[in-house]
Every structure is written in C-alpha cells, then in structure tokens.
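# What the coordinates show
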Amino acid sequence: MAASPPPDPLKFAYWVPNVSGGLVVSSIEQRTDWSYDYNRELAILAEDNGFEYALSQVRYMASYGAAFQQESTSFSLALLLATQRLKVIAAVHPGLWHPGVLAKLVATADHLSGGRAAVNVVSGWFKGEFTALGEPWLEHDERYRRSEEFIRVLRASWTEDEAQFAGDFYRLRGYDLKPKPLTAEGRPHPEIFQGGNSTAARAMAGRVSDWYFSNGKDFDGVTEQITEVNRSAEQHGRTVRFGLNGFLIARDTEAEAKETLREVVAKADPDAVKGFRDAVRQAGSSTGDGKGMWADSSFEDLVQYNDGFRSKLIGTPEQVAERLVAYRSLGVNLALLGFLHYHEEVAYFGEHVLPIVRALEADADRGAATPEPLTV
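Residues numbered from 1 in each chain as written. Predicted model: local features only at pLDDT ≥ 70, side-chain atom pairs only at ≥ 80, totals over all residues. Heavy atoms only, no water.

## Describing the overall build of the chain
Looking only at helices and strands, the chain has 12 helices and 12 strands in total. Each principal axis of the C-alpha atoms in the chain carries an extent, and together these give about 60 × 55 × 45 Å. Among the 376 residues that make up the chain, the fraction classed as buried is 55%. The long-range share in the chain, meaning contacts at least 24 apart out of those at least 6 apart in sequence, stands at 74%. Surface exposure of the chain reaches about 15,800 Å², of which carbon and sulfur atoms provide 52%. Charge separation in the chain, taken as the distance between the mean sites of 39 positive and 52 negative side-chain charges, equals 4 Å. (Helix = DSSP H or I, 4+ residues; strand = E, 2+ residues; numbered from the N terminus. Buried < 20%, exposed > 50% of the residue type's maximum accessible area, 1.4 Å probe, protein only. Contact = heavy atoms within 4.5 Å. Areas by Shrake-Rupley, 256 points an atom, 1.4 Å probe, with all protein chains shown as cover. Lys, Arg positive; Asp, Glu negative; His and termini not counted. Charge placed at Lys NZ, Arg CZ, Asp CG, Glu CD.)

Okay, here's the thing in structure tokens:
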C-alpha cells in the first residue's frame, strides 16, 4: 500500500486588531492599534512574513475593554484592497445579517480582491448585543441550527441559479445572485469558517463548513475535536480543515517569554475579565453535555479572550516552532495567532519562527528521526 502523502505546510492567520484594547484584557503595554492606517501596514507586513489569512473580529457594541470597534465586513474589504495575496475572513453573526444579502456583499468583495474573500460564521455568545439591537436571543443549540441554515443559504446563493431554500429561519425563492463569486481549483466559492467548541458546533462543521476554528486547546483537546469533526464530516462525505487559536509569545529566551506571560496575567483587568466571564459562561454551561466555548476556562485563560494561552505557543522560536509542527502532525491545518506588539512580532515571526517551522515540516515529511541543522 502506498504511503499517504504528507500534509500540506501549516498555514498561518492573524487576528486583525480592528477592536480597541488589544488581544489581552490587561494593562500591559500592547503596541497595537485598531485604526485603519495601522492595520493596512500590518496586513502588508503579514503577507510578506508568511501569513496567508487574516481574521477581522466582530463586536457591535462597546464591552470588556473593547471600547471601539471597526465593522468586520467593510474593514475586511479595505484590507483586501490594500494587499495582493492575503485572504481576509470577515466574522459575521446570523441573526444580525440575512445570508442572501451577505452573499451579495461577499461576492462583490471577492471580485474586487481577485478571489480572496472569506467569512467566519459566529453563532453568537454576547446576548447583550442582540438585546441592545432588539433582536431575539436563541438558546444555544438553536443558534447553531440557525447558523447551519445561514451557511446553506450562503452556499446556495453562491453556487445556484434561482436558488431555493426553505428552512425554519431563512427562505430563498428563486434568488438569482449575479455575478457569482470567483472560483478556483479547490475553491468553488469563498471559504466558510466557523467556530464553537460544543458538540453541536462540531457536528455542524462536519455537515456544512469548510473550516472549523477551535479556541485555544492543548494536544488532547485538539485531538478530541479533530476526531469528532472528522467523524461528522465522514458521515456526510465531506472533509473539513482545522484551525487552532493561539496567542504567540516568541522571545530570544524561554525565561523572557514566560516573564511576558506572567506580566500579562499579573496586570489583567479583573473587572473586565469577570464581565467577559459572566457574559460567556452560558455559552458552555447552556449546552446539554457541558461542552462549549469557555466551559472550563480559568481566569488566567480568559485574560486572552479566546483561550489563546492554552495552546502554549510561548517560548523561544525553536520551542514555538516545534509545538506548531506537533499540532500539524495531529491534523491542524492553520494556526490563528494573536500578539502583544503586532508589527514587531509579526516581523519577528517571519524572520525567526517561520523558517524553523518550514525546516521541521520538511524534516518530518522525510521521516527523519533527527532534525538537520538549521541556518536561519
């Protein structure tokens, strides 16, 4: 029997800091900015330092240290037009968008960017945003049922003429979207990402999504999620790719990296972390089996509000690279990274971490027992 081909090289994405306050809820210095000028420079820097994707966050009202927010779809389009290769993923909420209208917007962005637009369908954790906008707040599994219909409508709008859909949340009656988004080999329409750690989220990913994003997890957590998502996908004759969130602190020495993490947590804003914890606690506890986003997150985990410390991408470039390649061996296809000081650390990643990742990947793909010397 022929050996299976090695996995593709690990892809990298970064969290777009289009929300004020940075990526940690802490008073530690964060050299970052939510303005467009800063983010335009960052996007160009990122695509020149090995990043293939960027994910624009979405918040609709001030909360938990994030006093200001740039809207995700318009901001994503601006970044697409400022770059040449970077794929930009706009986070969107079912319940606040009609999927057919969003499909039109994304199709336009896709043409303007040469086929680089994507979406991340967020089922919703912040009840306050929905109630402030006068929209109904659904129970946990109902939010995922709505998200699944949302994705099915997106795909039908992008791929079918006079699309028809009859669901509990959305309906299409001969919707004929033109022009359709651009197509390419392996990409019949803009890529569809989703998050969520719950059982409902994992099953939904297997049925309808192209990518499944996990909050920060260690090796055991990643293995469990990949196994469940793949099982769901196989039952429906599909494949799903896997993205993992991680907050990266790469420094010249391990001691320096660990001290940075210690300082982040020591300077955490306890009121903001508590407010966020109280808002998201229902996301995990409201599930039938207790599996869900932030269901087992500690105070320290929530200082980085997507559990990014739990992936343990903290140490020297060699240590971080080794851990990234270990995640790849488990089935992770993409690492979604956050940083304290975006411009400096994205450049540091490209110069010091990425070459080691690529060398270790090549070494692993050859099946070598001992890595060859690296020249970086």
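Now that the structure has been shown, we can carry on.
## Here we look at the packing of helix 11 (residues 317–330) against helix 12 (residues 342–366)
Put simply, helix 11 and helix 12 touch, their axes get as near as 9 Å, and they point 45 degrees apart. As the angle between them shows, helix 11 and helix 12 are arranged oblique. Relative to helix 12, helix 11 is oriented so that their crossing is right-handed. Contacts between helix 11 and helix 12 pair Pro317, Glu318, Val320, Ala321, Glu322, Leu324, Val325 and Arg328 from the former with Tyr348, Phe349, His352, Val353, Ile356, Val357, Leu360, Glu361 and Asp365 from the latter. (Axes fitted to C-alpha atoms, helices over the stretch in contact; angles between N-to-C directions. Parallel < 35°, antiparallel > 145°, perpendicular 65-115°, else oblique. Left-handed = near helix turned anticlockwise from the far one by under 90°.)

## A few points about the side chain of Asp110
You can see Asp110 is positioned in helix 3 (residues 99–113). Accessibility expressed as a relative area gives 0% for Asp110, which makes it buried. Aside from chain neighbours lying at most four places away, what touches Asp110 is Gly115, Arg116, Ala117, Pro181, Leu182, Arg187 and Pro190.

## Some thoughts on the pattern of salt bridges
Following the criterion strictly, the structure yields 27 salt bridges and no others. Among the salt bridges present, the one from Asp307 reaches Arg310, with a minimum N-O distance of 3.5 Å. A salt bridge links Arg358 to Glu361; the nearest nitrogen and oxygen atoms lie 2.9 Å apart. On the criterion of helical spacing, the pair formed by Arg358 and Glu361 is a turn pair, its members being three residues apart in helix 12. Note on Arg358: relative accessible area 29%, which makes it partly exposed. (Salt bridge = Lys/Arg side-chain N within 4 Å of Asp/Glu carboxyl O.)

## As for the sheet that holds strand 9 (residues 241–247)
Pairing in this closed barrel of eight strands is parallel, and the strands run 1-2-3-4-7-8-9-12 around the ring. Neighbour to neighbour, the strand axes of the sheet diverge by 25 degrees on average, direction disregarded. Taken together, the four bridges between strand 8 (residues 211–214) and strand 9 define a ladder with parallel strand orientation. Each bridged residue has a counterpart across the sheet, and for Tyr212 the counterpart in strand 9 is Phe242. Here helix 3 sits on the sheet and contacts strand 3 (87–92) and strand 4 (117–121); the angle it forms with strand 4, its principal contact strand, is near 145 degrees. (Pairing = 2+ DSSP bridges.)

## Some thoughts on the packing of aromatic side chains
In this structure the tally under the stated criterion is 18 aromatic pairs. Each ring, one from Trp34 and one from Phe68, has its centre 5.2 Å from the other, and the planes form 0 degrees; the classification is stacked. Remark: Phe68 occurs in the loop between strand 2 (53–56) and helix 2 (72–82) and Trp34 occurs in the loop between strand 1 (11–16) and helix 1 (36–47); sequence separation between them is 34 residues. What makes Trp34 partly exposed here is its relative accessible area of 29%. The partly exposed category is assigned to Phe68, whose relative accessible area is 47%. Taking the centre distance of 4.8 Å and the plane angle of 65 degrees together, the rings of Phe219 and Tyr327 count as edge-to-face. Of the two residues, Phe219 is situated in helix 7 (residues 219–235) and Tyr327 in helix 11; the sequence distance between them amounts to 108 residues. Using a relative accessible area of 2% as the deciding quantity, one classes Tyr327 as buried. Cluster of aromatic residues (ring-pair linked, three or more members): Phe12, Tyr14, Phe51, Phe339, Tyr342 and Phe349. (Phe/Tyr/Trp six-rings, centres within 6.5 Å; stacked < 30°, edge-to-face > 60°.)

## Overview of the confidence of the model for the chain
Per-chain confidence: the chain averages 91 in pLDDT, with 91% of residues scoring 70 or above. Counting contacts from residues 369–376, a segment whose pLDDT is below 50, to residues more than four positions away or on other chains yields nine contacts. (pLDDT = per-residue confidence, 0-100.)

## Brief notes about unusual backbone geometry
In this structure, the amide linkage connecting Lys178 to the following residue, Pro179, adopts the cis form with an omega of 0 degrees. Tracing the chain through its elements places Pro179 in the loop between strand 6 (171–175) and strand 7 (191–194). At Asp307, a position not held by glycine, the phi torsion is positive, near 60 degrees. With respect to the helices, strands and loops of the structure, Asp307 is situated in the loop between helix 10 (299–302) and strand 11 (314–315). Of note, Lys312 is a non-glycine position whose phi angle comes to about 60 degrees, a positive value. Mapped onto the elements, Lys312 comes out in the loop between helix 10 and strand 11.

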